[in-house]
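One letter stands for each residue in the lines below.
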Amino acid sequence: MKAALVGVGQAGGKLTEALVRNDRENGYGAVQGALAVNTARQDLTPLDIPTLLIGQSVVSGDGVGGENELGAELMEEDTREVVNALDGTITSRTEAVFVVAGLGGGTGSGGAPVLVRELKRVYDIPVYCLGVLPGRNEGALYQANAGRSLKTVVREADNTLLVDNDAWHASGESVTDAYAAINDTVAHRIGLLLAAGEVTDGVAESVVDSSEIINTLRNGSMAAIGYANADASPDPEENINVVTSTARKSLLTGMSVPETTDADAALVIVAGHPDRIPRKGVERARRWIEDETGSTQVRGGDYPLESDQIAVLVLLSGITRSPRIESFLDRAREAANTDPDPEPDPAEAFQNDDLDGLF
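About the cut-offs
Residues numbered from 1 in each chain as written. Predicted model: local features only at pLDDT ≥ 70, side-chain atom pairs only at ≥ 80, totals over all residues. Heavy atoms only, no water. Axes fitted to C-alpha atoms, helices over the stretch in contact; angles between N-to-C directions. Helix = DSSP H or I, 4+ residues; strand = E, 2+ residues; numbered from the N terminus. Parallel < 35°, antiparallel > 145°, perpendicular 65-115°, else oblique. Left-handed = near helix turned anticlockwise from the far one by under 90°. Contact = heavy atoms within 4.5 Å. Nonpolar A, V, L, I, M, F, W, Y, C, P; charged D, E, K, R; others polar. Core = buried A, V, L, I, M, F, W, Y, C linked by side-chain atoms within 4.5 Å. Buried < 20%, exposed > 50% of the residue type's maximum accessible area, 1.4 Å probe, protein only. 1 Å grid on protein atoms, 1.4 Å probe; cavity = no way out; pocket = protein on both sides within 12 Å on 5 of 7 lines; lining within 4 Å. Points joined across faces, edges and corners; volume = space filled by probe spheres on them.

Peer 1: How should I be thinking about the packing of helix 6 (residues 140–156) against helix 11 (residues 323–335) in this particular structure?
Peer 2: Geometrically, a packed helix pair is captured by the angle between its two axes and the distance between the axes. Close contact between helix 6 and helix 11 brings their axes to 8 Å; oriented N to C, the two are set at 115°. Between helix 6 and helix 11, the angle is such that the two are roughly perpendicular. Considering only the axes of helix 6 and helix 11, their crossing is left-handed. Side by side, helix 6 and helix 11 meet where Ala 140, Gln 143, Ala 144, Ala 146, Gly 147 and Leu 150 of the first sit next to Phe 328, Leu 329, Arg 331, Ala 332 and Ala 335 of the second. Across the contact of helix 6 with helix 11, the residue classes tally to eight nonpolar, two polar and one charged.

Peer 1: I tried to follow the nonpolar core on my own but got confused; where do I start?
Peer 2: Nonpolar side chains in soluble globular proteins tend to be buried together. Within the largest apolar cluster, 59 residues are counted, with the highest numbers of intra-cluster contacts made by Val 82, Leu 119 and Leu 150. In terms of residue count, helix 5 (residues 106–122) provides more of this core than any other element does, five residues in total. Residue contacts for Val 82: discarding those within four places in its chain leaves Leu 35, Val 37, Leu 52, Ile 54, Met 75 and Leu 115. Residues Val 31, Leu 44, Trp 168 and Ala 311 belong to the second largest nonpolar core, which totals 48 residues.

Peer 1: Could you clarify how one ought to interpret the layout of surface pockets in this entry?
Peer 2: The gaps left among the atoms become clear once a water-sized probe is rolled over them. Considering only enclosed or pocket space, the largest pocket measures out at about 820 Å³ in volume. Gln 10, Ala 11, Gly 12, Tyr 142 and Tyr 179 are the residues nearest the centre of the largest pocket, which is lined by 39 residues in total. Of all elements in the fold, only helix 1 (9–26), helix 5, helix 6 and helix 7 (175–195) reach the threshold of two or more residues within the lining of the largest pocket. Of the residues assigned to the lining of the largest pocket, the class counts are 15 nonpolar, 17 polar and seven charged. Of the volumes computed, that of the second largest pocket is approximately 200 Å³.

Coordinates in, geometry out; function isn't part of it.
Written out as structure tokens, the structure is:
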């Protein structure tokens with residue numbers, strides 16, 4: 001899938017840089033271009049991708065201090081400048097745009113929904129948000145910001161692919177090391193997803209192209225991605241159980257939003273050497289995902305790579321009823337000093353006023 005990336009805020013810029021680096025190192029050629037946008041000059045300086053400083057007339061490059069309403073206001077004022085900066089990055093070959101943001105900070109949580117809305121108005125291609133949810137220990141302001149931002153961006157984006165910071169944060173790990181490791185982990189998964197249709201080695205037996213990704217994400221407002229890998233035998237028949245067990249691990253322990261198995265649609269990608277991927281194993285994995293998620297819309301196929309391992313990537317779309325998301329929304333409501341009692345159906349969190357949206 002040919003994609004353009006726009007990182008908004010500090011976390012969004014760093015994750016976008018990691019995505020670009022992963023794409024280059026693996027030779028996928030899926031990322032057409034990227035831009036990092038921020039209100040804080042010092043967060044843009046270290047990045048090895050094109051950058052744009054916004055809101056200079058108001059905050060003079062010093063950031064918004066966690067105020068996501070101000071972040072939304074500054075993005076609104078400078079949105080035309082951002083769109084102009086994307087000329088040459090979003091082209092006739094671009095199949096989707098990903099707005100990447102940490103949903104807890106001020107610029108990312110406030111600016112991402114505004115930018116998504118404007119890009120959807122300008123371009124006739126899917127505009128997705130890749131949003132990072134704050135961990136449980138990241139403070140009340142981050143929880144409240146992310147709750148308001150999520151409610152807003154879910155309404156604006158074609159789909160919001162979520163990453164829970166707690167999913168891969170090792171115990172005792174420093175914040176800096178944790179974020180860097182999480183960015184690399186996310187980049188590996190999203191990089192492989194975008195690489196679908198951008199074949200580098202061999203020919204897939206069952207092609208997974210960009211239309212499969214788009215059709216999967218069309219079913220639902222929020223999504224999550226899982227990944228697992230295992231050593232493969234040179235004999236494909238011996239890898240049938242390898243594929244199915246790796247698919248189970250990807251869904252049950254490798255999701256970007258843990259405790260997420262209920263979905264409206266899914267996409268299963270089995271990556272590895274073409275001579276080692278068993279057709280029967282791919283079909284069994286797809287059927288198991290179908291049974292486990294309760295979805296009748298489970299697409300699947302393989303992606304050829306020169307590797308001694310087999311990897312399984314699972315994309316779930318329509319995950320509104322995830323217990324992890326329900327738990328996060330409870331934290332966000334409590335942090336925003338609203339009624340902390342959970343709704344009977346977490347899907348209703350996006351249809352009531354318990355947590356005000358940004359706009």
